[in-house]
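Listed below, chain by chain, are the residues.
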Amino acid sequence: MMFDQQNIQGDFPKNKPHIIYYSCDPTYWAEHGQYLAKSTLSLNKKNLIHVHVHMIYEHNQEHKIKNLIEDENITYTYEIHSKDFYDQFTLDKNHPVFNRGPEICGTTTDEELKRKIYLSSARFFYFNKFFETYQHVLQLDADGVARERILLSEFKKITTLPSAMCKPKEPSVYIASCVSPGIGPAGDHFKKELSESMIEAFKNPIYWFVDQHVLKKLLDSREFDSIPYKWNSWGLKSGGEIFSTAKGTKKYGFRYKTLKYAWYNDQEKLDYHKKRAKENGK
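Bear in mind that the values here come from a model prediction, so they are computed numbers and not experimental data.

Draft legend 1. Spotlight on the side chain of His 32. Mapped onto the secondary structure, His 32 falls in helix H1 (residues 26–43). Residue classification places His 32 among the buried residues on the basis of a relative accessible area of 1%. The residues contacting His 32, other than those within four sequence positions of it, are Ala 142, Asp 143, Lys 251, Tyr 252, Tyr 256 and Lys 260.

In structure tokens, the structure reads:
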């Protein structure tokens, strides 16, 4: 089935005014996504923050709620791919930044790279389907973790207009891991334009960074204030960050695992301490 004609199943976040949104596959959910959900829900029990996750499954996988988190403040949509799903995409091997893709993604085959590019961009396909006109939505990467309670007044401020977080040292670069579509007519227009533009991009040869380039083209034509860096800091220091994420191999290091420790279950905490002891030669 064509990627833009899939049967999206699950539950939309209807009548939820404030939403944290991300997408991932089951592996990334187990490694990262569940901790973003747990930390967000735990820190924001009383201020109406809802989490919506779009799950992406391959042909030999199925959606089972028992493998996820059951909570009144989290909803899931999902798609299940056919065996040959990624055959419909073509890689743009002549693009100037193409060679950075396999390096960043750690892939060795075209099939793996196509899948990684799709997984990183699919969240943007559905902005105009999942969310209502006046829902305040902040889209994040699945490998983040909540660190502070969200102040609704600040959340509404950064999610009222279509906006993104700019790279601190390169303000002209928008970070796809922290984006809001905005609300009202302007938000609806942006959701539609972003979804349609991203889908159109995938009907042409693709490459890593394609989502950022589509996002940049749309945001360059709009005036907005950059989402403050504290809303999804790339660093792991403690300085008032509301969400933090680790890039590359850092997301598997002990500093980041320590940040997620509070949200581990008992077995995960035991495994963590055993590994730390082994690393320290004890």
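Draft legend 2. Local environment of the pattern of salt bridges. Taken as a whole, this structure holds 14 salt bridges when the rule is applied. Among the ionic pairs, Asp 25 bridges to Arg 115, the shortest N-O distance being 2.9 Å. Placement of Asp 25 in the loop between strand S2 (18–24) and H1 and of Arg 115 in helix H3 (residues 110–121) is noted, with a sequence separation of 90 residues between them. Classification of Asp 25 as buried rests on a relative accessible area of 9%.

Draft legend 3. Highlighting the pairing of strand S8 (residues 170–180). With 2 bridges joining them, strand S5 (residues 136–140) and S8 adopt antiparallel strand pairing. Each bridged residue has a counterpart across the sheet, and for Leu 140 the counterpart in S8 is Cys 178. Inspection of the sheet shows strand S7 (residues 163–167) paired to S8 by 5 bridges, in the antiparallel sense. Each bridged residue has a counterpart across the sheet, and for Lys 167 the counterpart in S8 is Glu 170. What sits between the antiparallel neighbours S7 and S8 is a turn of 2 residues.

Draft legend 4. Region of interest: the state of the cysteines. For the coordinates displayed, the defined rule picks out 0 disulfides. Between Cys 24, a cysteine without a disulfide, and Cys 105, which holds the nearest cysteine sulfur, the sulfur-to-sulfur distance is 16 Å. The exposure class of Cys 24 is buried, given its relative accessible area of 4%. With no disulfide of its own, Cys 178 lies 10 Å from the sulfur of Cys 166, the closest cysteine sulfur.

Draft legend 5. Here's a closer look at unusual backbone geometry. You will see that Asn 15, though not glycine, has its phi angle at about 60 degrees, which is positive. By the secondary structure assignment, Asn 15 is in the loop between strand S1 (9–10) and S2. For Asn 15, a relative accessible area of 69% translates into the label exposed. With phi around 90 degrees, Phe 209 is a residue other than glycine that occupies positive phi space.

Draft legend 6. Representation of the nonpolar core. By size, the foremost hydrophobic cluster in this structure holds 44 residues, and its most contacted members are Tyr 118, Phe 125, Leu 194 and Phe 202. Within the residue set of this core, elements represented by two or more residues are S2, H3, helix H4 (127–130), S7, S8, helix H6 (184–202) and helix H7 (210–219). No other element matches the 6 residues that H6 contributes to this core. In contact with Leu 194, other than residues within four places in its own chain, are Phe 124, Phe 127, Val 214, Leu 215 and Leu 218. With 31 residues, the next largest nonpolar core counts Met 55, Tyr 76, Leu 140 and Phe 243 among its residues.

Draft legend 7. Quick peek at the environment of Glu 241. Note on placement: Glu 241 falls in the loop between H7 and strand S9 (243–245). As for Glu 241 and Tyr 229, which are separated by 12 residues in sequence, their C-alpha atoms are 8.0 Å apart.

About the thresholds
- Residues numbered from 1 in each chain as written.
- Predicted model: local features only at pLDDT ≥ 70, side-chain atom pairs only at ≥ 80, totals over all residues.
- Heavy atoms only, no water.
- Helix = DSSP H or I, 4+ residues; strand = E, 2+ residues; numbered from the N terminus.
- Buried < 20%, exposed > 50% of the residue type's maximum accessible area, 1.4 Å probe, protein only.
- Contact = heavy atoms within 4.5 Å.
- Salt bridge = Lys/Arg side-chain N within 4 Å of Asp/Glu carboxyl O.
- Pairing = 2+ DSSP bridges.
- Disulfide = S-S within 2.5 Å.
- Core = buried A, V, L, I, M, F, W, Y, C linked by side-chain atoms within 4.5 Å.

By themselves, these are just geometric observations and shouldn't be taken as functional.
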